[in-house]
Amino acid sequence: HGMVTVACGQDDDLVWITVDDSGAGIPESERERVFERFVRIDPARHSGNGLGLAIVKEIARQHGGQVTALTSERLGGACLRVTLPLLCDTSDTKET
């Protein structure tokens, strides 16, 4: 059985979400390609149709953010990090 952790936080004007796992990870040579539609790095080991990370990337992009694939320092497998700009709409704020 593997392990997965989810964390979130804020760095200056960005918010971030990371998902770390203890699996085999994503080879460095595949870290860009894994976000393309229908790409499955190891179809023999994983089910699915290869759309999940492409959807995550597109949602992040539409909100001015990005997603990156790294190696998990905590668990040794993959680490997926989504960063989004911190947007504060103060147009409705009234000073009293």
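Residues numbered from 1 in each chain as written. Predicted model: local features only at pLDDT ≥ 70, side-chain atom pairs only at ≥ 80, totals over all residues. Heavy atoms only, no water.

Asks: Help me out: how do you make sense of the pattern of salt bridges in this one?
Replies: Any two side chains of opposite charge can pair if their charged atoms end up close together. Tallied over the full model, the rule gives 4 salt bridges. Salt-bridge contacts for Asp 11 lead to Arg 81; the nearest nitrogen and oxygen are separated by 3.5 Å. One end of the pair, Asp 11, is in strand S1 (residues 4-11); the other, Arg 81, is in strand S4 (residues 78-85), with 70 residues separating them in the sequence. Among the ionic pairs, Arg 33 bridges to Glu 30, the shortest N-O distance being 2.7 Å. A relative accessible area of 36% places Arg 33 in the partly exposed class. (Salt bridge = Lys/Arg side-chain N within 4 Å of Asp/Glu carboxyl O. Helix = DSSP H or I, 4+ residues; strand = E, 2+ residues; numbered from the N terminus. Buried < 20%, exposed > 50% of the residue type's maximum accessible area, 1.4 Å probe, protein only.)

Asks: Would you mind going over the confidence of the model for the protein with me for this structure?
Replies: Detailed reading of the predicted coordinates is not advisable wherever pLDDT is low. Mean pLDDT over the protein: 90, with 90% of residues reaching 70 or higher. Mean pLDDT values over the elements of the protein span from 96, in helix H1 (residues 52-62), up to 98, in strand S3 (residues 66-71). (pLDDT = per-residue confidence, 0-100.)

Asks: Quick question: what am I supposed to make of the sheet that holds S3 here?
Replies: Within a sheet, adjacent strands bond to each other through the backbone by hydrogen bonds, running parallel or antiparallel. With respect to topology, 4 strands assemble into an open sheet ordered S1-S2-S4-S3, the strand pairing being antiparallel. Every other strand in the sheet has two partners, leaving S1 and S3 as the edge strands with one partner each. If you compare each strand with its neighbour and ignore which way they point, the axes differ by 20° on average. Pairing of S1 with strand S2 (residues 14-21), which is carried by 8 bridges, proceeds in the antiparallel orientation. Of the residues in S2, the one forming a bridge with Val 4 is Asp 21. H1 contacts S3 and S4 of the sheet and is inclined by roughly 20° relative to S4. (Pairing = 2+ DSSP bridges. Axes fitted to C-alpha atoms, helices over the stretch in contact; angles between N-to-C directions. Contact = heavy atoms within 4.5 Å.)

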